[in-house]
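Okay, here's what each chain looks like letter by letter:
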Amino acid sequence: MLQALLFNGKSIVYNADDPATDMAVMLGFVKNHHGNVVIANRIFETRLYNMYLSAGELQRQEIYKASLLDKSQFIVSGHLNMRRVLEKFAEHFDELYHDSDETFVEEVGRKYFLLYLKSIINGTGNYHIETRTRSLGRTDVIVDYCGQQFVIELKIWHGNEYHMRGERQLLCYLDDYHIDKGYMLSFNFNKKKQIGVHEIVIGDKILIEAVV
């Protein structure tokens, strides 16, 4: 249940008689928020992410090994090159998991990106998940690294109209955080998709979009 909340953006109705919910509430991990189960606070959220992403099984994944090998190319003069992070992740994800089905990607796609990102910023930067988007089929990751802040939207592709709504929402978040560049990572199941990273300009904002 906790992994579904943290990684899949699943909306879970609060039911005090559900054994998993009852135990999570007793331990203080979750709470009832307007009838839905949510992680209780930012501290538990961070610690739970650390636990799941540090698990031995996850760290044996090829995408994690790739991030360790790539790590040195992402930091230039103390600054994190997020576009390069997305480029290399898209490259590795397609190479390793291009034959995977939709269910696999929905379950682990975002988890693997966070695992890839964690090894790059670990010890210097940190990230958290924007709670406003966790249950909307999208996840916004806010990364802080040496005074820089990055907003990255992770989402499952559901057509052009949905994609454009995601772009507009990301622009609003950029305004909220007073930054002019945002990032989007789309997991696309269209067989004719074009994998890679491109840049678009909308008004005074720049969006770096990656498709895998």
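Calculation notes
Residues numbered from 1 in each chain as written. Predicted model: local features only at pLDDT ≥ 70, side-chain atom pairs only at ≥ 80, totals over all residues. Heavy atoms only, no water. Helix = DSSP H or I, 4+ residues; strand = E, 2+ residues; numbered from the N terminus. Contact = heavy atoms within 4.5 Å. Axes fitted to C-alpha atoms, helices over the stretch in contact; angles between N-to-C directions. Parallel < 35°, antiparallel > 145°, perpendicular 65-115°, else oblique. Nonpolar A, V, L, I, M, F, W, Y, C, P; charged D, E, K, R; others polar. 1 Å grid on protein atoms, 1.4 Å probe; cavity = no way out; pocket = protein on both sides within 12 Å on 5 of 7 lines; lining within 4 Å. Points joined across faces, edges and corners; volume = space filled by probe spheres on them. Pairing = 2+ DSSP bridges. Phe/Tyr/Trp six-rings, centres within 6.5 Å; stacked < 30°, edge-to-face > 60°. Buried < 20%, exposed > 50% of the residue type's maximum accessible area, 1.4 Å probe, protein only.

J.: Requested: an account of the environment of Glu199, with residues and values cited.
T.: Position of Glu199 relative to the elements: it lies in strand E9 (residues 196-202). The spacing of Glu199 and Leu170 is 29 residues in sequence and 14 Å in space, taken between C-alpha atoms. Apart from residues no more than four positions distant in its own chain, Glu199 is found in contact with Arg83, Ile206, Leu207 and Ile208.

J.: Which residues make up the packing of helix H3 (residues 42-54) against helix H7 (residues 102-121), and what values do they have?
T.: Running from N to C, H3 and H7 point in directions that differ by 90 degrees, and their axes come no closer than 10 Å. Classified by the angle between their axes, H3 and H7 sit roughly perpendicular to one another. Counting all contacts with H3, which are made through Tyr49, Asn50, Leu53 and Ser54, the residues of H7 involved are Lys111, Leu114, Leu115 and Lys118. Among the residues making up the contact of H3 with H7, the classes are represented as 4 nonpolar, 2 polar and 2 charged.

J.: Mind laying out the layout of surface pockets, listing which residues take part and the relevant values?
T.: Its boundaries defined by the atoms lining it, the second largest pocket holds a volume of some 240 Å³. For the second largest pocket, the lining is made up of 15 residues, of which His98, Ser100, Asn188, Phe189 and Lys193 are closest to its centre. Elements supplying a minimum of two residues to the lining of the second largest pocket: helix H6 (82-97) and H7. Sort the elements by how many residues they give to the lining of the second largest pocket and H6 lands first, with 3 residues. Looking at side-chain class alone, the lining of the second largest pocket contains 7 nonpolar, 4 polar and 4 charged residues.

J.: An account of the pairing of strand E1 (residues 30-33) is requested, with residue identities and associated values reported.
T.: In terms of strand pairing, E1 meets strand E2 (residues 36-39) through 4 bridges, oriented antiparallel. Across the sheet, residue His33 finds its bridge partner in E2, namely Asn36.

J.: Talk me through the pairing of E9; I want residue IDs and the actual numbers.
T.: Sheet analysis places E9 next to strand E10 (residues 205-211), joined by 7 bridges and oriented antiparallel. Its bridge partner lying in E10, Ile202 is registered against Lys205.

J.: Tell me about the packing of aromatic side chains, and please be specific about residues and values.
T.: One pass over the full model with this rule turns up 13 aromatic pairs. Where Phe89 meets Phe113, the ring centres are 5.2 Å apart and the plane angle is 85 degrees; that geometry is what we call edge-to-face. With Phe89 in helix H6 and Phe113 in helix H7, this residue pair connects regions lying 24 residues apart in the sequence. Across the pair, exposure class does not vary: Phe89 and Phe113 are buried alike. Their ring planes at 45 degrees and their centres at 5.3 Å tell us that Tyr97 and Tyr112 sit as a pair that is tilted. Pair noted here: Tyr97 is in helix H6 and Tyr112 is in helix H7, with a separation of 15 residues, a long-range link. For the pair shown, Tyr97 and Tyr112 are each scored as buried. An aromatic cluster is built from Phe74, Phe89, Phe93, Tyr97, Tyr112, Phe113, Tyr116 and Phe187, whose rings are joined through pairwise contacts.

J.: Describe unusual backbone geometry, and please don't skip the residues or the numbers.
T.: Positive phi, normally seen in glycine, also occurs at Ser77, with a value near 55 degrees. Relative accessible area serves as the criterion here: at 71%, Ser77 is assigned to the exposed category. Backbone geometry at Cys146 places phi at a positive 50 degrees, although glycine is not the residue there.

Nothing here speaks to function; it is geometry throughout.
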